[in-house]
Amino acid sequence: MLKLTARRLIQAVPLLLLISILVFALLHAAPGGPLAIYLENPNVRPEDIERLRRSLGLDRSLPVQYLAWLKGFVVGDWGFSFADGRPVLVRMAERIPATLELILASLVIAFLAAVPAGVAAAARRHSLFDRGVTIFTLAGISLPTFWFGLLLQLLFAVSLGWLPSSGRTSIMGGDLVDRARHLVLPAIVLATVHAAVWTRYLRSSMLGVLAQRFILAAHGRGVPSRRVVFRHALGNALLPFVTIVFLDAAIMVSGAVVTESVFAWPGLGGLFTEALARRDYTVLMAFLMVTSTSVIVLNLAADLSYRWLDPRVRT
Amino acid sequence: MSLLLPVRVRSFVSETRIVARRHSRATAYVVLALLASGACSREGGNGGVGRAASNDLLIVAYDREPDTLNRFSTHILEDVQTCIVEGLVTTDEKMQVVPLLATEVPSPENGGVVLREDGGMDVTWKLRPGVKWHDGVPFTSADVKFTVDAINSPVYNPESTDGFDRIASVDTPDSLTAVVHYKEVYAPYEIQFIRGALPKHLLDGKDIDAATEYNRNPLGTGPYKVTEWKTGEYILLEKVPDYWRGAEYPKIARILFKFIPNSTTRINQLKSGEAHLAALVPWDKFRELKDVPGLTMHRMMGNSYEHITLNERSVPAFRDVRVRRALIHAIDRELLARTILDGLAPVIDGSIQPLSWAYTDSVRKYPYDTTRARALLDEAGWRDTNGDGIREKDGSPLRFTLMTQAGFAIRENIAQAVQRQLKDVGVDVKIQLVDGTAISSLWFEGKFDAMLHWWHMPSDPEITTFFASDRTPPAGRNINYIADDSLDRLMYASDRTVARAPRRALLVAAQQRLAELAPEIPLYNVTRLDAVPATLRNFKGNPTNTGIFWNVWEWEVVKP
């Protein structure tokens, strides 16, 4: 397993390098740039624009800018934000805890919703419950995150006044309960799509396993039904499911962008949105490299967990 | 197997139910506990999770997080900074320049401005005595001189050096007098120090760009100081104990700026009472907010105007003044204002806005008149010869692309209405929606035919950068690419005139010439809508980039 890990990590290096070149090229090819925001202000004159361009190093050729960025990135100097002049690493580090908190909460919610619903739906195939789950999961998959988030805000914050509509803490709050209350709505929104997909996935995975002959054999041997379902069927059905969970966790990092924007959640997604509008290249590069790396690492984690869970793969 | 499966399935379903029930029970407990704690924390407001505005705390729903609180470096509206750092002057709700840290606004009449024979001018600023920085150090003319030197220094990168680069030197004959020597006459000198000054005793010898401590928690002379900046969430300001206006000011103890980029979320925060005030409410949210209990919609004319820029370099047809005039005649601007804009923004006829002291209404106007529009286009040689409804000339159709910002619902609607109305007179318009950042570089490079957008005009009515023939990009913002000698002469003469009356005469003549030339299609004034608590007193608003917090020191929340 160590060998595999090492091999995959080594393979990731050229992949990340390629991603960085592509992302760098795409960002610079997009119209606008870090100085575009100054153009609306008539007091900012062309000479100011040129001065700012030089100060940000944007007057250098693109290959030179890329190599300078790469050199710094490798040694842990991720440069300074074009927006506020602070180190990119500091800006990222400030935001990571909030994003992790949101993602972890969403994963837990999605998992707790998907596993019982998927198992029960498979067990009661074609029943009313199964049909209900199908409707809910389809709705969950189809709901635009943006719209769903605003809807929950209107219901729980504006109409009922039960939960805060946005933010991570209250000015007078900040304790565990206050933070949990702020977390509820964004976590539910972010979890909904994944819970719906996972439920569908687990349901069909369970149906496939339940239809196999070793399940019949287990029953024939007199193994209690509960043990058959949870040990024999669910254990096997979870194998591909775990892979999906890991891959989705990686997607959540980027998927949180919309949720964070709607709920003014101070995580990486909000930083990305802000940096994108401002064309803050250094922050954008860092964000995209972090998300790319997280996708690669979680992919690897999925493979490793698969091997750990399924003895057949190890051989 | 298919026969056996349901029986077995049934047997474990009950177990699954138990498990599911356990899960849902646990989840329900958590949710109930959270909701219960939420219900307990209700403190009034609009009957929800919020609390009513008070003299203890005013919560502002702010659309973005500031980049820096250094007023000279930021590119964002300076609302937070205005509460902390004061200028020598500010602009009031009527867009008049009024003294703040200066005792008066220098002028030729009061002897504060002297034109030199060498073509330069001297401006004497008298500073208010007894003003101290928040750390207790007196605010003096040395700070004014340090600010000019720092901004003109090659090692500091402020947002703009406009005006400062025309200063040769600053003399400080005493601690309360700063004499600014300009190399040339500079008409907007009044607002040179509207952003205040940098504290010499704190920043002298430091790299200001990298002075993170100052840039995130600036030292000012204003009524508030930063207590906490929670990145991505909020900035909390707290009143300073010894504000120079007296211990009774400011009236509100704390102001919280919450960063909420999404406009619907901002509105929801106002509705739920989680926020009390929001500046620059989008017009399409007016109806949603106007009846919210406890809120007042403060409406005032702005110093910006929405218009359609006609790029003469890109579209040859726009070089003919008859075509440009025809386009204005063909658009029913009153209808747009009445319907899409919900009657909130008045139609205007030029770039200098009614609030400005230089504004004139006596300019040529182009009322909605499709007959006149058709006649002008006929006269210019644009006729529908092939019967397809679109006019042609020399085989080329009268067609252009109207670029505007994507995601700006009102603009998209206006663009569609303009497209429809121009079709009626035989002009084919295609709409191009571009994201907010990309659009800036496109117009700056002149890569568009026509553009629906606004200009935020400076409080000083200088318009040279928008219309002078030598101010096309990158030298300025003349993106109509209009070139007219008489207009140039008037605008440049006004820039070199300090006395108010003769300068106004020049600017009036410039506005009249502009109206004759019709280089763009003026649409409407960008009216400001600010949502404020009904219990807030002394809120006056502000049409300029100075922002609504210019008189925050006197705001007061009274009991309903």
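The structure displayed is predicted, hence computed values, not measured ones. (Residues numbered from 1 in each chain as written. Chains lettered and ligands numbered in written order. Predicted model: local features only at pLDDT ≥ 70, side-chain atom pairs only at ≥ 80, totals over all residues.)

J.: Any chance you could break down the overall build of chain B for me, citing the residues and the numbers?
T.: Per the secondary structure count, chain B includes 15 helices and 21 strands. Its C-alpha atoms give chain B principal-axis dimensions of about 95 × 80 × 45 Å. Evaluated residue by residue, chain B yields a buried proportion of 46% over its 560 residues. Of the contacts made within chain B by residues no fewer than 6 positions apart, 69% connect residues no fewer than 24 positions apart. (Helix = DSSP H or I, 4+ residues; strand = E, 2+ residues; numbered from the N terminus. Buried ≥ 20, exposed ≤ 12 C-beta atoms within 10 Å, placed from the backbone. Contact = placed C-beta atoms within 7 Å.)

J.: Run through the overall build of chain A, naming residues and quoting values.
T.: Scanning chain A for helices and strands turns up 12 helices and 0 strands. The helix and strand sequence of chain A, counted from the amino end, reads α-α-α-α-α-α-α-α-α-α-α-α. Counting only contacts in chain A whose residues sit at least 6 apart along the sequence, the fraction spanning at least 24 positions is 71%.

J.: Mind laying out the confidence of the model for chain A, listing which residues take part and the relevant values?
T.: As a note on interpretation, predicted positions should not be read in detail where pLDDT is low. Residues at a pLDDT of 70 or more form 98% of chain A, whose mean pLDDT is 87. Across chain A, the element-wise mean pLDDT spans from 67 in helix H12 (residues 311-314) of chain A up to 93 in helix H3 (residues 62-74) of chain A. (pLDDT = per-residue confidence, 0-100.)

J.: Could you give me a rundown of the interface of chain A and chain B, with the residues and numbers involved?
T.: Taken together, the 65 residues of chain A in the interface contact 65 residues of chain B. Of all elements in the fold, only helix H2 (46-55), helix H4 (88-123), helix H6 (145-159), helix H7 (176-210), helix H8 (213-220), helix H9 (225-262) and helix H10 (268-278) of chain A reach the threshold of two or more residues within the side of chain A that touches chain B. Here the element with the most residues in the side of chain A that touches chain B is H4 of chain A; it accounts for 7 residues.

J.: Describe the environment of Ile-208 of chain B, naming the residues involved and giving the relevant values.
T.: Residue and element names in this part refer to chain B. Among the structural elements, Ile-208 can be located in the loop between helix H4 (200-203) and helix H5 (212-216). Each C-alpha atom, one on Ile-208 and one on Asn-157, is 8.3 Å from the other, the two residues being 51 residues apart in sequence. The contact partners of Ile-208, leaving out residues within four places of it in the chain, are Ala-150, Tyr-156 and Leu-203.

J.: Account for the packing of helix H8 (residues 321-330) of chain B against helix H10 (residues 370-379) of chain B, with residues named and values stated.
T.: Residues and elements named next belong to chain B. Two elements in contact, H8 and H10, have axes whose closest approach is 8 Å; the angle formed by their N-to-C orientations is 160°. As far as their axial angle goes, H10 and H8 are roughly antiparallel. Seen from above, H8 lies across H10 with left-handed handedness. Listed contacts from H10 to Arg-322, Val-323, Arg-325, Ala-326, His-329 and Ala-330 of H8 are Thr-370, Arg-372, Ala-373, Leu-376, Leu-377 and Glu-379. Broken down by class, the residue content of the contact of H8 with H10 amounts to 6 nonpolar, 2 polar and 4 charged. (Axes fitted to C-alpha atoms, helices over the stretch in contact; angles between N-to-C directions. Parallel < 35°, antiparallel > 145°, perpendicular 65-115°, else oblique. Left-handed = near helix turned anticlockwise from the far one by under 90°. Nonpolar A, V, L, I, M, F, W, Y, C, P; charged D, E, K, R; others polar.)

J.: Quick one: what's the story with the nonpolar core, residue by residue and with numbers?
T.: Of all hydrophobic cores here, the largest spans 189 residues; its most connected members are Leu-202, Met-206, Ala-233 and Phe-287 of chain A together with Val-60, Ile-255 and Leu-402 of chain B. Per-element tally for this core: the top contributor is H7 of chain A, with 17 residues. (Core = buried A, V, L, I, M, F, W, Y, C linked by C-beta atoms within 7 Å.)

J.: Run through helix H11 (residues 409-423) of chain B, naming residues and quoting values.
T.: Residues and elements named next belong to chain B. The end-to-end C-alpha separation of H11 is 21 Å, in line with the 21 Å expected for 15 residues at 1.5 Å each. What H11 keeps buried is the set Ile-414, Ala-415, Val-418, Gln-421 and Leu-422. Buried residues of H11 fall within an arc of 130° about the axis and therefore sit on the same side. For H11, the exposed residues lying more than 90 degrees away from the buried face are Ala-409 and Arg-420. Close packing links the buried residues of H11 with H8, helix H9 (333-338), strand S15 (399-405), strand S16 (428-434) and strand S17 (450-456). (Expected span 1.5 Å × (residues − 1). Arc of directions from axis to C-beta.)

J.: Describe in detail the sheet that holds strand S7 (residues 177-182) of chain B, supporting the description with residues and values.
T.: In sheet architecture, strand pairing relies on hydrogen bonds along the backbone and comes in two forms, parallel and antiparallel. Residue and element names in this part refer to chain B. If you trace the 4 strands from one edge of the open sheet to the other, you get S4-S5-S7-S6, paired in antiparallel fashion. At either end of the open sheet lies a strand with only one pairing partner, and these are strand S4 (113-115) and strand S6 (167-174). Averaged over all neighbouring strand pairs, the angle between strand axes comes to 15°, with direction disregarded. The pairing of strand S5 (residues 121-126) with S7 spans 6 bridges and is classified as antiparallel. (Pairing = 2+ DSSP bridges.)

J.: Tell me about the sheet that holds S17 of chain B, and name the residues and values.
T.: Residues and elements named next belong to chain B. Strand order in this open sheet of 5 strands is S16-S15-S17-S12-S18, and the pairing throughout is mixed. Two strands lie at the open edges of the sheet, namely S16 and strand S18 (520-525), each paired on one side alone. Strand-to-strand twist of the sheet, defined as the mean angle between neighbouring strand axes without regard to direction, takes the value 30°. Direction of pairing for S15 relative to S16: parallel, over a ladder of 7 bridges. Residue pairing for S16: Arg-399 is matched across the bridge by Asp-428. Against the sheet, helix H12 (residues 436-444) contacts S15, S16 and S17, and its axis sits at roughly 135° relative to S15.

J.: Explain unusual backbone geometry residue by residue, including any values.
T.: Residues and elements named next belong to chain B. Cis peptide bonds are those with omega within 30 degrees of zero, and the linkage from Tyr-249 to Pro-250 qualifies with -10°. In this chain, Pro-473 is followed by Pro-474 through a cis amide linkage whose omega measures 5°. Among the secondary structure elements, Pro-474 is positioned in the loop between helix H13 (464-467) and helix H14 (485-495). One non-glycine residue with positive phi stands out, namely Leu-280, at about 50°.

J.: Could you give an account of H3 of chain A, naming the residues involved and the relevant values?
T.: Across its 13 residues, H3 of chain A extends 18 Å between first and last C-alpha, which sits within 8% of the 18 Å expected from 1.5 Å per residue. At the exit of H3 of chain A stands Gly-76 of chain A, carrying a positive phi of roughly 90°.

J.: Before we move on, can you summarise the packing of H4 of chain A against H10 of chain A with the specific residues and values?
T.: When two helices pack together, their arrangement is given by the angle between their axes and by how far apart the axes lie. Residue and element names in this part refer to chain A. Relative orientation of the contacting elements H4 and H10 amounts to 135°, with a least axis distance of 7 Å. With respect to H10, the element H4 is oriented oblique. Contacts between H4 and H10 involve Arg-91, Arg-95, Ile-96 and Thr-99 from the former and Leu-268, Gly-269 and Leu-271 from the latter. Considering only residue class, the contact of H4 with H10 consists of 3 nonpolar, 2 polar and 2 charged.

J.: Which residues make up the environment of Trp-229 of chain B, and what values do they have?
T.: Residues and elements named next belong to chain B. Structurally, Trp-229 can be placed in strand S8 (residues 224-230). Trp-229 sits in the partly exposed class, given 18 other C-beta atoms within 10 Å. Residues Trp-229 and Leu-256 lie 27 residues apart in sequence; the distance between their C-alpha atoms is 9.8 Å. Beyond its immediate stretch of four places on either side in the chain, Trp-229 contacts Arg-216 and Ile-235.

J.: Now, about the environment of Asn-215 of chain B: what can you tell me, with residues and values included?
T.: All names here are of chain B. Here Asn-215 lies in helix H5. The class for Asn-215 is buried, based on 21 C-beta atoms found within 10 Å. Non-local contacts of Asn-215, meaning those with residues more than four positions away in its chain, are made with Thr-68, Leu-69, Asn-70 and Ser-73.

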